[in-house]
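# Fold and geometry: a report
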Amino acid sequence: MDPKVVNDWRLRGQRYRLEGEVCDHCGESIFPPRDICPECKEPAKTPHTLSGRGEVYTFSTIYSAPEGFEAYTPYTVALIKLEEGPIVTAQLTDVAPTDVAIGMPVEMVTRRLRTHGDEGTIVYGYKFRPLHLGQAAD
Amino acid sequence: MRDVAIIGIGQTSVDEHWGTGIRHLMLDAGLSALQDANVDTIDAVYVGNMLSGEIAGQSHLGALAVDFMGLEGVEAYKVEAACASGAAALRTGYIAVASGMMDLVLALGVEKMTDTSGRETTAALAAAADAEYEVSQGISFVALNALLMRRYMHEYGWKREDFANFAVTAHANGANNPNAMFQRPITAEAYARAPVIASPIGLLDASPVCDGAAAVILAPVEYARTLSPAPVKILASAVGMAPLAVHDRKDPLALEAAITSSQKAYKQAGLTPQDLDFFELHDAFTIMATLSLEAAGFAERGKGVQMALDGEITLQGRVPIATMGGLKARGHPVGATGIYQIVESVLQLRGLAGPNQIPGARLGMVQNIGGSGATIITHILEAMGS
Amino acid sequence: MSDYRLMRPQRDVGVSGYGSYIPMYRLPGAEIARVWSGGGRGPVKEKAVAGLDEDTVTIAIEAARNAVARAEIEPGELRAIWLGTESPPYAVKPSSTIVAEALGAAPYLLAADFEFACKAGTEAVQAAIGLVGSGMGDYALAIGADTAQGRPGDDLEYTAASGGSAFVIGPAENAVATLIASLSYATDTPDFWRRGYQPYPSHSGRFTGEPAYFHHTLAAASALMEELDMAAADFDYAVFHQPNVKFPMRAAGRLGFTPEQVRDGLLSNEIGNTYAGASLTGLSAILDRAEPGAIILLVSFGSGAGSDAFAWRVTERIESRRDKAPKVSDYIERRTEIDYASYARYRGKLQGS
Ligand SMILES: [Zn+2]
């Protein structure tokens, strides 16, 4: 068994739908969950799913990939500043590297992150794509 | 607390050591340090290393080191702090000697990175980042630095070419270091032409994958002079920490751990940046050199690149860096790098740096960075004279 | 004939929310023809191709998120998620549980993958109607999604496409379209199949036409219309399974429908054949623009073979719901053309990659 199977399973709430936490003391949004508020240091365990909307804080297109990601090169990774505040590291998808810019609005989608070889599991998780489908705000 | 000095140094060349395994790299560097210090016994060995478990399938390096060095019965263990493992091993030895519990300590850094494919090495190095929230997204260590470089260029208006002098200077210095991986100069044009690994980082922004080991012997200052003709005193040893993942840092371009680590070191040593004759910084990538100069107080925020453009980082400049080639040209055998930086600084302070000697060098600062900046360890060294 | 063929749930149900997803990459038929025939065109203008990080699960997740947004329910209200597909990412392991977790609908629900070639999605809709209509639960999610593959150079390669649609079936009181009735028709007809461990399907050439597609589609549609005592003119829209443009147009004509009734739900020229997603995405496109009161005929076809036929009536609720998620046309307009080499890479047709 790939040792990552259980680890991936444990993180499915975060990976599939950006499940983080909110601090009941100061209202800070927290992702990834850390159970202690980085802002006020009080316990913060209330689950809170983030909207998935944000903007590109910075990005890089990877031409030389780590093992497990070779099949996807070149691909673009970014720091995404979510509208609730936290920054997440994630890939961009459905966009050419030359069309990415700092400040570009993006939205979360759930995509394949990698597979653990031909026999192993498929890992799904968040990526971000340009916000251009005119999705109504809710 | 006792003052601590470095009384012996040893290093292997930094290279692709196809014919030499991890145990013989440790042996070569360790024995030459013992020889340089003219001691044949030791109280403890601390081995700085990051990747032996992943790449060689070999953990438990302390036991392996003393076994093969013939240091029977000497206590030894591995210290790990990603790319700062070398400085962490040194600091562990420093604490042991300063406390009075140990008199003679061997701090050794070793890394053997070439026994595997580039993709596997890239994956192993990425383990210095947050496995669940950075590495899982396909990030490489280069890419984390590229994210910082892109943001830096965006915030302060620099172009990629403006970083060229960090690589050019390192290679110019490496050309005179017989132990350097790259002993040839490069041009700014070559830097600009280099293939992109993770935009905007090109091949010549990045330090190479390589093998090597380096070692130092520590002793109390009170005995140092009787043991060594030219001991070097450790004036400061300080660690700064920041969140493991870049995305969790309040101000990713601030290199917060370098700020706290440098300030603690200045305070311990009673010095300011202006007092230092050189700064062996952690130029794993040109952006790291830039951010380090700013965090340590040599340049204002956003102005580190200007120092390279103005030639202030050369051997003749205001703040010489990478005096023996730095991580870029000497090479970056990750867990060994922190000790190489110390060994090279000791050469400068002994006046034995050859063509790269900084005239009259008396005070040097050395900074070793773990991961993308989560652990940053700073030492300030002073020549004790002969 | 009496109405024993007709299916009607014990309580009135309908579509509470609907949503689609179509990948952005397009492979023109002319590009396939260039590679395999030295020129010419294909039976459709172009087809939608899933990207490197897309599969049936990711397509289903986005379509399902759109459907749940339009249904105005909490994901936890879903008592079932049934995903119809012939291209599940795993041979053994449900795709539907991944979709359930991604929506935040787990754990108190049924979850399973349905297989019936291109009608697996409407099979899931029928099952959802049964679950909600019986009162076992208030909401069930039925999805049809595929990343269909044709053997390189085969006729199927021109049309085998990626995409999908999802429908939240719920009580008529929260429906954008209520169900009038449905009817299903199945026989053992081997027009198209794929054996285990084979990467590409096989088909029986012209046998896929009259004895398979047309027989089942026309039988199901005409039986439903007969039972409901409705003629083609009583419907505002009709949507059929669309393996190409020709088949659904011909089926519509034989049943007495005009091209205008079929036009809004016929997408194969723009996106190809999305298999289990095909007729459902046509229905989704119709709901994107239909007026309250409009009556829609939906007839699927799945090889093997069978057809499900449904009659729906659009409600006023459609007007406040349709803008809560991207429309089919938004996805069709989001288009990046690729060449055959990129297509071969994206769809895993390069050996040793
Ligand atoms: Zn708080």
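Since the model is a prediction, treat every value here as computed from it, not as a measurement. (Residues numbered from 1 in each chain as written. Chains lettered and ligands numbered in written order. Predicted model: local features only at pLDDT ≥ 70, side-chain atom pairs only at ≥ 80, totals over all residues. Heavy atoms only, no water.)

Taken as a whole, this structure holds 21 aromatic pairs over all chains when the rule is applied. For the pair C:Tyr21 and C:Tyr331, a centre-to-centre distance of 5.2 Å together with 75 degrees between the ring planes defines the contact as edge-to-face. In this pair, C:Tyr21 is assigned in strand β1 (residues 13-21) and C:Tyr331 in helix α11 (residues 328-333), connecting sequence segments 310 residues apart. Look at C:Tyr21 and you get buried, because its relative accessible area is 1%. Ring geometry for C:Tyr213 against C:Phe247: centres 5.1 Å apart, planes inclined by 45 degrees, an arrangement best described as tilted. You can see C:Tyr213 sitting in helix α5 (residues 209-228) and its partner C:Phe247 sitting in helix α6 (residues 246-255), a full 34 residues away along the chain. A residue is classified by how much of its surface remains accessible, and C:Tyr213, at 1% relative accessible area, is buried. Taking relative accessible area as the criterion, C:Phe247 reaches 15% and is therefore assigned buried. An aromatic cluster is present here, built from A:Phe31, A:Tyr126, A:Phe128 and B:Tyr133 joined pairwise through their rings. (Phe/Tyr/Trp six-rings, centres within 6.5 Å; stacked < 30°, edge-to-face > 60°. Helix = DSSP H or I, 4+ residues; strand = E, 2+ residues; numbered from the N terminus. Buried < 20%, exposed > 50% of the residue type's maximum accessible area, 1.4 Å probe, protein only.)

This next bit is on the coordination of the zinc ion. Residue and element names in this part refer to chain A. Here the zinc ion is held by Cys23 (SG), Cys26 (SG), Cys37 (SG) and Cys40 (SG), and the distances to it run 2.3 Å. Considering all four donor atoms around the zinc ion, the spread of angles at the metal, 103 to 116 degrees, places the coordination shape in the tetrahedral class. All donors to the zinc ion come from one chain, and their sequence spacing reads C-x2-C-x10-C-x2-C. Highlighted residues: Cys26 in the loop between β1 (19-22) and β2 (29-30) and Cys37 in the loop between β2 and β3 (46-49), separated in sequence by eleven residues. On the accessibility criterion, Cys26 (39% relative accessible area) is partly exposed. Exposure remark for Cys37: the relative accessible area of 0% places this residue in the buried category. (Donors = N, O, S within 2.8 Å, 3.2 Å for Na, K, Ca; no water. Tetrahedral: all angles 85-135°; square planar, octahedral: opposite > 155°, others 65-115°.)

The next subject is helix α1 (residues 29-37) of chain C. Residue and element names in this part refer to chain C. Every buried residue of α1 is accounted for by Gly29, Glu31, Ile32 and Ala33. On the buried face of α1, the contacting elements are β2 (25-28), β3 (46-49) and α12 (340-346). Gly38, located one to two residues past α1, shows a positive phi value of around 70 degrees. (Contact = heavy atoms within 4.5 Å.)

Attention now goes to the domain arrangement of chain B. Residues and elements named next belong to chain B. Domain parsing of chain B yields domain 1 (4-117 + 209-224) and domain 2 (128-206 + 235-381). Between the C-alpha centres of domain 1 and domain 2 the distance comes to 23 Å. Of the residues lining the interface, 41 residues belong to domain 1; the matching set on domain 2 comes to 32 residues. Summed over both partners, the interface of domain 1 with domain 2 buries about 2700 Å², with 70% contributed by carbon and sulfur atoms. For domain 1, the biggest contributors to the area lost against domain 2 are Gln11, Val14 and Cys83; these three give 26% of the whole. Joining domain 1 to domain 2, the criterion identifies one salt bridge. (Domains from an automatic or database assignment. Buried area = accessible area lost by both parts, 1.4 Å probe. Salt bridge = Lys/Arg side-chain N within 4 Å of Asp/Glu carboxyl O.)

On to the domain arrangement of chain C, then. Residues and elements named next belong to chain C. Per the domain assignment, the segments of chain C are domain 1 (13-175) and domain 2 (177-319). Centre-to-centre separation of domain 1 and domain 2, based on C-alpha positions: 15 Å. Listed as interface residues are 52 residues of domain 1 and, on the opposing side, 48 residues of domain 2. Across the interface of domain 1 and domain 2, roughly 3700 Å² is buried in total on both sides, 60% from carbon and sulfur atoms. One can count two salt bridges joining domain 1 with domain 2. Measuring nitrogen to oxygen at the nearest pair gives 3.0 Å for the salt bridge that ties Lys119 to Asp308. Our count for the contact surface shared by domain 1 and domain 2 stands at 23 residue pairs in polar contact (both at pLDDT 80 or more). For the side of domain 1 that touches domain 2, the secondary structure elements donating two or more residues are β1, β3, α4 (120-133), β6 (139-147) and β7 (162-171). When residues of the side of domain 1 that touches domain 2 are assigned to their parent elements, the largest contribution, seven residues, is made by α4. The residue makeup of the side of domain 1 that touches domain 2, split by class, is 23 nonpolar, 17 polar and twelve charged. (Polar contact = N/O pair within 3.5 Å; in protein donor to acceptor, adjacent residues only side chain to side chain. Nonpolar A, V, L, I, M, F, W, Y, C, P; charged D, E, K, R; others polar.)

With that settled, the discussion passes to the interface of chain B and chain A. Taken residue by residue, the interface counts 29 residues in chain B and 34 residues in chain A. Summed over both partners, the interface of chain B with chain A comes to about 2900 Å²; 57% of that surface belongs to carbon and sulfur atoms. Together, B:Tyr133, B:Gln137 and B:Leu147 form the three largest contributors to the area buried by chain B at its contact with chain A, with a combined 25%. One salt bridge connects B:Asp248 with A:Arg34, and the closest N-O pair in it is separated by 2.9 Å.

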